[in-house]
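Analysis of the macromolecular model
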Amino acid sequence: DTAVSQTPKYLVTQMGNDKSIKCEQNLGHDTMYWYKQDSKKFLKIMFSYNNKELIINETVPNRFSPKSPDKAHLNLHINSLELGDSAVYFCASSQDGFRATDTQYFGPGTRLTVL
Amino acid sequence: DQQVKQNSPSLSVQEGRISILNCDYTNSMFDYFLWYKKYPAEGPTFLISISSIKDKNEDGRFTVFLNKSAKHLSLHIVPSQPGDSAVYFCAASWTQGGSEKLVFGKGTKLTVNP
C-alpha cells in the first residue's frame, strides 16, 4: 500500500531520447515535488506543484517539463536527454503548501541512466 | 556551493553505543533544520527536526542538537541498533523572497554493527 509511487524504477536510455517518469501519491496531499540526486549525492529540489499549480521552479533546463494532471499525480518529462541527466529522481509529497515544517514523503526513486 | 556540509561520508558504530552524525552550515538565514533517513532502494524518510529558536529536540532514541554560534547541527542516536544502518541527510530551510527554500547535505552512511 505505497504512499508515493514512481514508475519506472530504472530507466536506461540513449542520449537525445525523450522520456517520462510518473509519480502518484495516495495520501491526499496538496503539494508534490521532484528532486534530483546526482552523482555527488546531493539531493536538490527541481519543481513543486500545489494543487496542480507550479509553485517552485528551481534553475532547471527547460528540457525538463513537469505535468500535473491532478493533485495526486506529478509526472516529469525530459526532452533530448543528456549524459548529465543521469541521476536518481525522487518524487515527494506534503500535506499543504511548501513549508519545511510540513513533512515530505518520498517515493522510492527512479534511477535514470543516459548512455 | 555547499550550504549544508556533512563532512563524514560514513560512520561505523557498535550496536548499543551512541551514533553522532554531524552537519555544518554556512547560511545564517537558515531557520529550520531536518534529518532524513534513507535505506537502499527507498526514498528518504523524515526523522526529526529542530527550529532555530531551540537548541535541542528529542524523540525517543533520536536527539538533534543545534549550536547556532558554531553553525553546527548534530544527530545523536542512542542506543544505536542495526536497523539504524542507513544514509542520514541533514537539511536546512530558510525564507528568501517570500518563498521557502530547502537544501540538503550529501548524507552520511551509518553502519551499526551487531
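See the structure printed just above.
Just so it is clear, the model here is predicted, and its values are computed rather than measured.

**Quick look at the pairing of strand β7 (residues 62-67) of chain B**
Residues and elements named next belong to chain B. Across four bridges, strand β6 (residues 56-59) lies against β7 in antiparallel orientation. Among the inter-strand pairings, Asn-57 is bridged to a residue of β7, identified as Val-64. Count of turn residues in the β6/β7 antiparallel hairpin: two residues, of which Gly-60 carries a positive phi of about 65 degrees. Here β7 runs beside strand β8 (residues 72-77); their pairing, made up of six bridges, is antiparallel. Residue pairing across strands places Asn-67 opposite His-72, the latter belonging to β8. The turn joining β7 and β8, which pair antiparallel and follow one another in sequence, is formed by four residues; a positive phi near 50 degrees is taken by Lys-71.

**Observations concerning the nonpolar core**
All names here are of chain B. By size, the foremost hydrophobic cluster in this structure holds 25 residues, and its most contacted members are Phe-30, Phe-33, Trp-35, Leu-73, Leu-75 and Tyr-88. Elements with a minimum of two residues in this core: β3 (19-25), β4 (32-38), β5 (45-51), β7, β8, β9 (86-96) and β11 (108-113). A per-element tally of this core places β9 first, with five residues. Leaving out residues up to four positions away in the same chain, Phe-30 has contacts with Gln-3, Val-4, Tyr-25, Ser-52, Ala-92, Ser-93, Trp-94 and Val-103.

**Regarding the packing of aromatic side chains**
Here a ring pair, both rings aromatic, is described through the centre-centre distance and the interplanar angle of the planes. Applying the stated rule across the entire model yields twelve aromatic pairs over all chains. With a centroid separation of 5.6 Å and an interplanar angle of 85 degrees, the aromatic rings of Phe106(A) and Tyr36(B) are classed as edge-to-face. With Phe106(A) in strand β10 (residues 105-106) and Tyr36(B) in strand β4, the pair connects residues from two separate chains. Tyr36(B) carries the same exposure label as Phe106(A), and that label is buried. Between the aromatic rings of Phe30(B) and Trp94(B), the centroid separation amounts to 5.1 Å while the plane-to-plane angle is 50 degrees, which identifies the pairing as tilted. Residue Phe30(B) is located in the loop between β3 and β4, and its partner Trp94(B) is located in strand β9; the two are separated by 64 residues in the primary sequence. Trp94(B) carries the same exposure label as Phe30(B), and that label is buried. Through a chain of ring-to-ring contacts, three or more aromatic side chains come together here, namely Tyr33(A), Tyr35(A), Phe90(A), Phe106(A), Tyr36(B), Phe46(B) and Phe104(B).

**Observations regarding the environment of Ser68(A)**
Residues and elements named next belong to chain A. Relative to the helices and strands, Ser-68 is located in strand β7 (residues 64-70). For the pair Ser-68 and Asn-51, spaced 17 residues apart in sequence, the C-alpha separation works out to 8.5 Å. Ignoring any residue separated from it by four or fewer positions in sequence, one finds Ser-68 in contact with Tyr-49, Lys-52, His-73 and Leu-74. Engagement of the side chain of Ser-68 in a polar contact is seen with the backbone oxygen of Asp-70, the distance being 3.1 Å. For Ser-68, the side chain forms a polar contact with the main-chain oxygen of His-73, separated by 3.0 Å.

**A few points about the sheet that holds strand β3 (residues 19-25) of chain A**
Residues and elements named next belong to chain A. Pairing is antiparallel in the open sheet, where four strands are placed in the order β1-β3-β8-β7. Where the open sheet ends on each side, the last strands, each with one partner, are β1 (4-7) and β7. On average, each strand axis in the sheet is inclined to that of its neighbour by 20 degrees, with strand direction left out of account. Sheet topology places β7 next to strand β8 (residues 73-78); five bridges connect them, and they run antiparallel. The partner of Asp-70 across the bridge, within β8, is His-73.

Basis of the calculations
- Residues numbered from 1 in each chain as written.
- Chains lettered and ligands numbered in written order.
- Predicted model: local features only at pLDDT ≥ 70, side-chain atom pairs only at ≥ 80, totals over all residues.
- Heavy atoms only, no water.
- Pairing = 2+ DSSP bridges.
- Helix = DSSP H or I, 4+ residues; strand = E, 2+ residues; numbered from the N terminus.
- Core = buried A, V, L, I, M, F, W, Y, C linked by side-chain atoms within 4.5 Å.
- Buried < 20%, exposed > 50% of the residue type's maximum accessible area, 1.4 Å probe, protein only.
- Contact = heavy atoms within 4.5 Å.
- Phe/Tyr/Trp six-rings, centres within 6.5 Å; stacked < 30°, edge-to-face > 60°.
- Polar contact = N/O pair within 3.5 Å; in protein donor to acceptor, adjacent residues only side chain to side chain.
- Axes fitted to C-alpha atoms, helices over the stretch in contact; angles between N-to-C directions.

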